[in-house]
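Inside the fold
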Amino acid sequence: VSLGPDQVEVELPNGYRIGDAIFSRIDLLETANDGSPVQIAVGDRGTVVGPSSTDREKEILCRFGNYVLVTLLAEEVELEVLPGGFRVRDIVISTIELNDVDRTLSVGDRGTVIGSSKTAPDTQILCQFENFGSVSLGPDQVEVETLGHSLRGLVLICKIDRTDSNGTLAVGDRGIGIGPSTVDPDKEILCRFEKYTSVSLLPDQVELELPGGYRIGDIVVSKTRRSDGPESVKKGEQGIVLGLSPTHRDTHIQCTFPNFANVCLIASDLSLEPSQFRIGDVVISKKHWKGAAGTVHCGDPGIVIGVQQPGKRISCKFEKCRCADVSVAEVKREEAFESRSNPMRTLSSEDWGITGDQLVALSRQVASRYTDKDENPNVYELVDGLIKPLCMAQHVSYSILQNPGGLRCETFVSHAWCESYLQFVADMQDRCSDFRTRVFWVCFVANPQTWPKGNLKRFLGVNPHHSPFAIAICKCDDFLVVRNNGKNIYWRLWCCVELAFASSEKKAVQIAGTLPPSTTTSGAALLKGAKCTDKDDNCTLRQIVKERFENLAVLISNVVAAQAGEVVDLGACS
């Protein structure tokens, strides 16, 4: 197995670790780099820096002062235990909230012990946190990270069946890690599932689901090229999933490829090797068979409960067959977007809403992801870089990912994807006094962005009058146009047709955002030049405009001429 340097640790004699603070138990005369003699005395403080180059089983390499490296027997030094029994390089979890000017430490934040406190070495330890920097804390303000801590907030796949008075679990159920078990925090994980709200499970009873639905050990195929010096990944090359990305845990996964030992790729740039099945995968039988365990018909859905030979044979459970050992060629994986139980199919499109608060939370993710001050992603970049990886595992829209039961929309938002996402949210906030609590219908978070193009087109329908856009406009109370200073949104044919639908429903149009510095205000010119990315949509929408919305050019002119903050009463369009 290929592992990153942060995934293994050198084994040193007597359990010492690189970075451990130590005391010398002997007197020793050594020579510094400049040739001068240096006396090491009993009680002098040093640091373990690695294994001995002469006797790795008995000796360790230590540093005293700023210059002196010396190899000592493990018995010739003593571990300096920090207050609370902590050690340097311990991974710890904050148990307190702490605010200091422009930085915040939150409960659950993950940090590293880097030494004893400079101000109170007998009672505090010095810790380093990613979003806070270094801080001195008491032993009761942090706790050593356990497996339960490391899985907190992450998606877990159940690998067992269990039913008792507290709830029901089934193989393949998706849940969330809550933290260490209250029964045995060192060995068990506290989890929450839909039908079992609090259950302690052993590590081998669950499996971590990574962005895109991938799991550790999956064989994947790269859909992109990547190179870094002599290391490279080719398009179509097979690799193995190692785990979460250490930096972008929500969107990227760590993989190894034949010519790139450790690379982090965005989940949507990978695909699962077709013959590979995992415990919990939903499958569809491709044949009919009957045996002692039951009967399976062609087309019956089932679930993988075991892998006998990776890529060759698996065990599945069907409704009328408790256990069937089958060849991978006898079943096909049911993609989430094909499932009848997918919330995108069970919820009406007017329920694909998202709150202003949730849009602001997405802004925070954007800010943490795009840290360069010059990076200001537009919606196209946001969808590819963040929305798709987050939604890929469940194949739902971002709004449904945030609100699995759906939220009835109140305001339909018409806009262009070329705008800055952060500016888009700011313009909406300026226009809506109840922005935080209001529920919006916004196409790029309402529609499922991870579905294959053909499946998405069939799902959205061939008749725009029956499309999710038209239904949402009809059901919403308000219609909000968010303009941007990069491009007039009415160069987009869908925006033109959305305005037409709003007019036919006699909606008042609220205006937000600014127009480009120089843009035509002629609705006729805009409508004539407006286009769709999809050629089929272009033809269909053109035909609808021609047949049913003769006054659309006038309406576009009225909206373009309006100022931000105004309300335009369109009247009836047809």
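Refer to the preceding data block for the structure.
Parameters and conventions
- Along each chain, residue indices are assigned from 1 in the same order as the chain's sequence is written.
- Given that the model is predicted, a residue must reach a pLDDT of at least 70 before its local features are reported, and side-chain atom pairs must reach 80 or more before they are shown or counted; all residues, however, enter totals for whole chains, interfaces and linings.
- Processing note: side-chain calculations cover all non-hydrogen atoms of the structure and skip hydrogens and water entirely.
- Should DSSP find at least two bridges between two strands, the strands are regarded as paired.
- In this text, helices come from DSSP runs of H or I with a minimum length of four residues, and strands from runs of E with a minimum of two, each type numbered from the N-terminal end.
- Here the axes come from fitting lines to C-alpha atoms, over the contacting stretch only for helices, and the angles between their N-to-C directions go from 0 to 180 degrees.
- Crossings are assigned a handedness: left-handed for a near helix turned anticlockwise from the far helix by less than a right angle, right-handed for a clockwise turn.
- Any two residues whose heavy atoms approach within 4.5 Å are treated as being in contact.
- When residues are grouped by polarity, Ala, Val, Leu, Ile, Met, Phe, Trp, Tyr, Cys and Pro land in nonpolar, Asp, Glu, Lys and Arg in charged, and all others, Gly among them, in polar.
- Helix span, expected: 1.5 Å multiplied by one less than the number of residues in the helix.
- Type-normalised accessible area, obtained with a 1.4 Å probe on protein chains alone, sets the label of each residue: buried when under 20%, exposed when over 50%, and partly exposed for intermediate values.
- In this description, the arc belongs to the directions extending from the helix axis to the C-beta atoms.
- In the sections that follow, a salt bridge refers to a side-chain nitrogen of Lys or Arg positioned within 4 Å of a carboxyl oxygen of Asp or Glu.
- Note on definitions: the grid is 1 Å and covers protein atoms alone; a cavity is a set of points where a 1.4 Å probe fits but cannot get out; a pocket is an open set with protein on both sides within 12 Å along at least five of seven lines; lining residues have an atom within 4 Å of a point.
- Grid points are joined across faces, edges and corners, and a volume is the space filled by probe spheres set on the points.

1. Describing the sheet that holds strand 18 (residues 174-180)
Spatial ordering of the open sheet is given by 20-19-18-15-21, a layout of 5 strands whose pairing is antiparallel. Edge positions in the sheet fall to strand 20 (196-201) and strand 21 (206-208), since each of these pairs with one other strand and no more. Pairwise comparison of adjacent strand axes, ignoring direction, gives a mean angle of 40 degrees for this sheet. Across 4 bridges, the pairing between strand 19 (residues 189-193) and strand 20 is antiparallel. Bridging from a neighbouring strand, Leu190 pairs with Ser200 of strand 20.

2. Considerations on the packing of helix 3 (residues 356-369) against helix 4 (residues 379-391)
Between helix 3 and helix 4, whose axes approach to 12 Å, the crossing angle comes to 115 degrees. The handedness of the crossing between helix 3 and helix 4 is right-handed. Facing helix 3, whose interface residues are Leu362, Gln365, Val366 and Arg369, helix 4 presents Leu382, Gly385, Leu386, Ile387 and Leu390. Residues of the contact of helix 3 with helix 4, tallied by class, amount to 6 nonpolar, 2 polar and 1 charged.

3. A word on helix 12 (residues 535-548)
For helix 12, built from 14 residues, the straight-helix expectation of 20 Å at 1.5 Å per residue is met to within 8% by its first-to-last C-alpha distance of 20 Å. For helix 12, every residue scored as buried is listed here: Leu541, Ile544 and Val545. When helix 12 is viewed along its axis, its buried side chains cluster within an angular range of 95 degrees and face the same direction. Exposed side chains of helix 12 directed beyond 90 degrees from the buried face belong to Lys535, Cys539, Lys546 and Glu547.

4. So, the pattern of salt bridges
Tallied over the full model, the rule gives 21 salt bridges. A salt bridge links Glu209 to Arg174, with the shortest nitrogen-to-oxygen separation between them at 2.4 Å. Residue Glu209 is located in the loop between strand 21 and strand 22 (219-222), and its partner Arg174 is located in strand 18; the two are separated by 35 residues in the primary sequence. When its relative accessible area of 32% is taken as the criterion, Arg174 is described as partly exposed.

5. Quick word on the layout of surface pockets
Empty space among the atoms becomes visible once a probe the size of a water molecule is rolled across them. Estimates place the volume of the second largest pocket at around 1,200 Å³. Lining the second largest pocket are 38 residues, with Arg492, Trp494, Thr533, Asp534 and Asp537 positioned closest to its centre. At the level of elements, helix 4, helix 7 (443-446), helix 8 (453-460) and helix 12 are the ones that each hand at least two residues to the lining of the second largest pocket. Looking at the lining of the second largest pocket, the element that brings in the most residues is helix 8, giving 5 residues. Taken together, the residues of the lining of the second largest pocket sort by class into 18 nonpolar, 9 polar and 11 charged.

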